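Working through the structure, step by step
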Amino acid sequence: MRRRGAAGAGGRLLLLLLLPLLLDVCSVLSLEIKASPKVRAFVGEQVLLKCSFKSSSPITESLLVDWTYRPLAGGQMETVFHYQSVPHPTTAGKFKDRISWAGNVANGDASIAIQSPVLSDNGTFICSVKNPPDVYHNIPQTVLVVTERGLAFQLTSATLLSILVFLPSILVVILLLVRMGRKFRVMKEKGKCGYKKSSIEVSDEPEHTDTAGCGGKLREWCLNCVDTDEEDPY
């Protein structure tokens, strides 16, 4: 009997010790925050830092939203935005007059926007929400990566497909132009060297009159360029 009594007392004591921990766990689960783990931005272009939350308690005017920032090089966290009923952007520091409220607490949205981001803005942002009595929550972090637009160029699948389709056609056209150019140079060299056709070649070809003009010469030149399979006599 004494052993059973001692075991029962020990069980009750263990339950009392674990009760605060269980309450904390329930409190953590009652307020959940979600934020993008990584956000890319371009210099000078507005960027949105998204943050959403779910609370088991009704939304009241006591709800608080805080955004903190730590530079990429490290250092202490600094508060860059505060919300309670109305937005309170920071009035000092590098983000002065550059952060605006983009959320709606009634819809569980605590997002902010950064105007004209620069390379030195790279770092970690943390969104914190408290909706009493829900004050315990996870701590999601958002890493902001700001780059120059020219350095962030990436080939999309559509661009790659276009290159694969049009590149062979472009190469064929270039090869034809090169062969036509070589044929034209050969014909030009023949004219400079005083090339004359034999009597047999002259008799086989129909006579051309001067009335043919530029059209006849152009047609003859195109036919000679296309017929490149036979080698030139010289």
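Refer to the structure presented above.
Below is a short write-up of the structure. Residues take numbers from 1 onward in each chain, read along the sequence in its written order. The model is predicted, so local features are restricted to residues of pLDDT at least 70 and side-chain atom pairs to those at 80 or more, both for listing and for counting; the totals for chains, interfaces and linings are taken over all residues. Where side-chain values are given, they derive from all heavy atoms of the structure, hydrogens and water being excluded.

Moving on: a nonpolar patch on the surface. Residues qualify for a patch when their relative accessible area is over 30% and they have no salt bridge, like charges being joined within 9 Å and the nonpolar side chains of Val, Leu, Ile, Met, Phe, Trp and Tyr within 5 Å. Using a 1.4 Å probe, the Shrake-Rupley method yields the accessible areas, and only the shown protein chains count as cover for residues. In what follows, salt bridge is the name for a side-chain nitrogen of Lys or Arg lying within 4 Å of a carboxyl oxygen of Asp or Glu. A cluster of nonpolar side chains, contributed by Leu160, Leu161, Ile163, Val165, Phe166, Leu167, Ile170, Leu171, Ile174 and Val178, occupies part of the molecular surface with about 920 Å² of accessible area. Exposure categories follow from relative accessible area, calculated using a 1.4 Å probe and restricted to protein chains: below 20% of the type maximum is buried, above 50% is exposed, and the middle band is partly exposed. By relative accessible area, Leu160 is classed as partly exposed at 40%.

Here we take up unusual backbone geometry. For the bond running from Pro132 to Pro133, omega is 10°, close enough to zero to count as cis. Backbone geometry places Ser85, a non-glycine residue, at a positive phi of 75°. Put simply, DSSP H or I for four residues or longer makes a helix, DSSP E for two residues or longer makes a strand, and each gets a number counted from the N terminus. The topology assignment puts Ser85 in the loop between strand S6 (78–84) and strand S7 (86–89). The backbone phi angle of Asp97 is positive, close to 60°, even though this residue is not glycine.

Let us look at the sheet that holds strand S3 (residues 47–49). Read from one edge to the other, the open sheet built from three strands follows the order S3-S9-S8, with strand pairing classed as antiparallel. In this open sheet, the two edge strands, each paired with only one partner strand, are S3 and strand S8 (99–101). Ignoring strand direction, the axes of neighbouring strands in this sheet form an average angle of 30°. DSSP bridges decide pairing: two strands pair if at least two such bridges lie between them. Across three bridges, S3 lies against strand S9 (residues 112–114) in antiparallel orientation. By the bridge assignment for S9, Leu48 is matched with Ala113. As a rule, the C-alpha atoms of each element are fitted with a line to give its axis, helices using only the stretch in contact, and angles between N-to-C directions run from 0 to 180 degrees.

With that settled, consider the side chain of Asp134. Mapping Asp134 onto the fold places it in the loop between strand S10 (123–130) and strand S11 (141–147). Residues scored as charged are limited to Lys and Arg (positive) and Asp and Glu (negative), so that His and the chain ends carry no count. For the buried Asp134, no salt bridge is present, and the opposite-charge side chain at shortest range is Lys130, 13 Å distant. Apart from residues lying up to four places away in sequence, Asp134 is in contact with Ser30, Leu31, Ser55, Ser56 and Ser57. In this description, contact between two residues means that some pair of their heavy atoms is separated by no more than 4.5 Å.

Now for the pattern of salt bridges. What the rule picks out here adds up to three salt bridges. For Arg149, the salt bridge is made with Glu45, and the minimal N-O distance between the two is 2.9 Å. Taken together, the residues span a long stretch of sequence, with Arg149 in the loop between S11 and helix H2 (157–192) and Glu45 in the loop between strand S2 (38–42) and S3 at a distance of 104 residues. What makes Glu45 partly exposed here is its relative accessible area of 33%. Among the salt bridges present, the one from Asp121 reaches Lys94, with a minimum N-O distance of 3.7 Å. Of the two residues, Asp121 sits in the loop between S9 and S10 while Lys94 sits in the loop between S7 and S8, which places them 27 residues apart along the sequence.

The next subject is the side chain of Asn122. Mapped onto the secondary structure, Asn122 falls in the loop between S9 and S10. Take Asn122: its relative accessible area is 15%, and that puts it in the buried class. Pairs of N or O atoms are called polar contacts if they sit within 3.5 Å, as long as, within protein, a hydrogen donor faces a hydrogen acceptor (for residues adjacent in sequence, only side-chain-to-side-chain pairs). At a separation of 3.2 Å, a polar atom in the side chain of Asn122 contacts the main-chain carbonyl oxygen of Leu119. When near neighbours in sequence (up to four residues on either side) are disregarded, Asn122 contacts Tyr69, Pro71, Leu72, Leu144, Val145 and Val146.

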